[in-house]
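# Coordinate analysis (summary)
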Amino acid sequence: APLQSGEESSDWLHYETTPTQSKQQFRFALVLDFEATCFEAGGIKLKAPQEIIEFPVVIIDLLTPQGEAVAEFHRYVRPTEIPRLSQFCTELTGITQDMVDGQATIDIVLREFVAWVEAQPFLVKGNGVDSTSNFVLCTCGDWDLKTMFPTEIKRKGLTALVPAW
């Protein structure tokens, strides 16, 4: 029965809607979820420069019924500004010092990631400003791509390594 004025429905799962069709601009989603260094003292998070310590990306084909993963990129990254992980960081992320020691730094991992994306024959066509892509980068929230990535890349002078796609 329709709701009367001022009445609230406790059955929010049952509502009528008209499905809409929209043309998806991208075929693939590159889903990433960085982990970064973090510090705390006495239960208070400290504002120290954060560095990416895990760079995982999975390519999802959006045209498959279940959103099939078609390729994965995963690297641990050695921090350079504060090379020792805090106990808090290990507890929060599950990443230990042994996992980042001896790994490549962010400049090398970024180059590897760009080369990996560009080597996927179904993602990028052409080079430089003339390139086209049929993918979108996705994260859970804006911290990864709006905050963490640009802050670290700019601070370390690596902006030239970031492609236009």
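Refer to the structure above for everything that follows.
In what follows, the accompanying structure is described. (Residues numbered from 1 in each chain as written. Predicted model: local features only at pLDDT ≥ 70, side-chain atom pairs only at ≥ 80, totals over all residues. Heavy atoms only, no water.)

## With respect to the overall build of the protein chain
- Within the protein chain one finds four helices and nine strands.
- Counting helices and strands in the order they occur from the N terminus, the protein chain gives β-β-β-β-β-β-α-α-α-β-β-β-α.
- The buried share of the protein chain, taken over its 165 residues, is 32%.
- Looking at the protein chain alone, contacts between residues at least 24 apart form 65% of all its contacts between residues at least 6 apart.
- By element, 53% of the accessible surface of the protein chain is carried by carbon and sulfur atoms, the whole surface being about 11,000 Å². (Helix = DSSP H or I, 4+ residues; strand = E, 2+ residues; numbered from the N terminus. Buried < 20%, exposed > 50% of the residue type's maximum accessible area, 1.4 Å probe, protein only. Contact = heavy atoms within 4.5 Å. Areas by Shrake-Rupley, 256 points an atom, 1.4 Å probe, with all protein chains shown as cover.)

## Here we look at the layout of surface pockets
- Space inside the largest pocket adds up to approximately 290 Å³.
- Along its surface, the largest pocket is lined by 15 residues, and Thr-37, Cys-38, Lys-45, Gln-50 and Trp-143 are the ones closest to its centre.
- Elements represented by at least two residues in the lining of the largest pocket include exactly strand S2 (35-36) and helix H1 (87-93).
- In terms of residue count, H1 provides more of the lining of the largest pocket than any other element does, three residues in total.
- When the residues that make up the lining of the largest pocket are grouped by side-chain class, the tally is nine nonpolar, three polar and three charged.
- Looking at the second largest pocket, the residues that line it are Leu-32, Phe-34, Phe-55, Leu-110, Phe-113, Val-114, Leu-137, Leu-145, Phe-149, Val-162, Pro-163 and Trp-165.
- Looking at the lining of the second largest pocket, the elements with two or more residues in it are helix H3 (106-119) and helix H4 (143-155). (1 Å grid on protein atoms, 1.4 Å probe; cavity = no way out; pocket = protein on both sides within 12 Å on 5 of 7 lines; lining within 4 Å. Points joined across faces, edges and corners; volume = space filled by probe spheres on them. Nonpolar A, V, L, I, M, F, W, Y, C, P; charged D, E, K, R; others polar.)

## Looking at the pairing of strand S6 (residues 68-76)
- In this structure, strand S5 (residues 52-61) lies alongside S6, joined through eight bridges in antiparallel fashion. Residue pairing for S6: Ile-60 is matched across the bridge by Ala-69.
- The antiparallel hairpin formed by S5 and S6 contains six residues in its connecting segment, where Gly-67 sits at a positive phi of about 65°. (Pairing = 2+ DSSP bridges.)

## Structural notes on the environment of Thr-96
- Structurally, Thr-96 is set in the loop between H1 and helix H2 (97-100).
- Among all residues touching Thr-96, those that are not within four sequence positions of it are Leu-85 and Thr-90.

## With respect to H3
- With 14 residues, H3 should reach 20 Å at 1.5 Å per residue; the first-to-last C-alpha distance of 19 Å fits that figure.
- Of all the residues in H3, the buried ones are Ile-106, Val-109, Leu-110, Phe-113, Val-114, Trp-116 and Val-117. Burial along H3 is one-sided: seen end-on, the buried residues are contained in an arc of 160°.
- On the buried face of H3, the contacting elements are strand S1 (28-32), S5, S6, strand S7 (124-125), strand S9 (135-138) and H4. (Expected span 1.5 Å × (residues − 1). Arc of directions from axis to C-beta.)

## What about the packing of aromatic side chains?
- Under the definition given, this model contains eight aromatic pairs.
- Grouping aromatic residues by their ring pairs yields a cluster made of Phe-34, Phe-55, Phe-73, Phe-113, Trp-116 and Phe-149. (Phe/Tyr/Trp six-rings, centres within 6.5 Å; stacked < 30°, edge-to-face > 60°.)

## Thoughts on the side chain of Gln-120
- Topologically, Gln-120 is positioned in the loop between H3 and S7.
- Reaching out from Gln-120, the side chain makes a polar contact with the backbone oxygen of Trp-116 at a distance of 3.2 Å.
- Once residues within four sequence positions are removed from consideration, Gln-120 is found in contact with Ile-59 and Ala-71. (Polar contact = N/O pair within 3.5 Å; in protein donor to acceptor, adjacent residues only side chain to side chain.)

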